[in-house]
Amino acid sequence: KRIELGALLMPHGTVESGGKFYFTSETTRTVGRYNTETDSVDWIRGTGQSLTHIPAISPDGKRLYATNMYSDSVTAIDIEGSGPESQTIKQIVVGSK
């Protein structure tokens with residue numbers, strides 16, 4: 001099935017957790033979540049990093065990690081809760097290639 005992502009261009013990498021699909025948008029420096037029950041993108045978080053790429057979800061489903069290829073970092077985002085007040089984002093610096 002094709003899913004309309006609007007301005008979330010160049011989606012790359014998808015991971016499923018709890019019946020929802022998380023993906024990165026390389027050009028908008030964001031991570032989004034597609035909810036199969038509502039057939040919509042119901043969660044978007046900005047990373048502020050360059051070329052956000054390939055998401056991964058922690059085993060407990062509470063945190064998402066995404067690599068940022070041109071920023072030499074990994075973004076960690078708490079995904080519990082749905083509002084911006086529950087948002088916790090951390091940047092983890094990693095070595096360059």
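Since the structure is predicted, the reported quantities are computational estimates derived from the model, not experimental observations.

The rules behind these values
Residues numbered from 1 in each chain as written. Predicted model: local features only at pLDDT ≥ 70, side-chain atom pairs only at ≥ 80, totals over all residues. Heavy atoms only, no water. Pairing = 2+ DSSP bridges. Helix = DSSP H or I, 4+ residues; strand = E, 2+ residues; numbered from the N terminus. Axes fitted to C-alpha atoms, helices over the stretch in contact; angles between N-to-C directions. Buried < 20%, exposed > 50% of the residue type's maximum accessible area, 1.4 Å probe, protein only. 1 Å grid on protein atoms, 1.4 Å probe; cavity = no way out; pocket = protein on both sides within 12 Å on 5 of 7 lines; lining within 4 Å. Points joined across faces, edges and corners; volume = space filled by probe spheres on them. Nonpolar A, V, L, I, M, F, W, Y, C, P; charged D, E, K, R; others polar.

## What to know about the sheet that holds strand 5 (residues 52-57)
- Overall, antiparallel pairing links the 4 strands, which are arranged 5-6-7-8 in an open sheet. Either end of the sheet is taken by a strand with one partner, and the two such strands are strand 5 and strand 8 (88-93). If you compare each strand with its neighbour and ignore which way they point, the axes differ by 20° on average.
- Where strand 7 (residues 73-78) meets strand 8, 6 bridges bridge the pair, whose relative direction is antiparallel. Considered in strand 8, the bridge of Asp78 is made with Thr88.

## Quick notes on unusual backbone geometry
- Despite not being glycine, Leu51 shows a phi value in the positive range, around 55°.
- One can find Leu51 in the loop between strand 4 (40-46) and strand 5.
- Even without being a glycine, Ile54 presents a positive backbone phi close to 45°.
- The topology assignment puts Ile54 in strand 5.
- A relative accessible area of 40% places Ile54 in the partly exposed class.

## Let's talk about the layout of surface pockets
- Here the largest pocket is characterised by a volume of approximately 210 Å³.
- In terms of lining, the largest pocket is formed by Ile3, Leu5, Pro11, His12, Gly13, Thr14, Phe21, Phe23 and Tyr34.
- Elements represented by at least two residues in the lining of the largest pocket include exactly strand 1 (11-17) and strand 2 (20-25).
- With 4 residues, the single largest contributor to the lining of the largest pocket is strand 1.
- Of the residues in the lining of the largest pocket, the class split is 6 nonpolar, 3 polar and no charged.

## Section: the sheet that holds strand 3 (residues 30-35)
- Pairing is antiparallel across the open sheet formed by 4 strands, whose spatial order is 1-2-3-4. The strands lining the two open edges of the sheet, one partner per strand, are strand 1 and strand 4. The mean angle between the axes of side-by-side strands here comes to 25°, regardless of whether they run parallel or antiparallel.
- Pairing of strand 3 with strand 4 involves 6 bridges; the strand directions are antiparallel. Across the sheet, the residue bridging to Thr30 is Gly46, located in strand 4.

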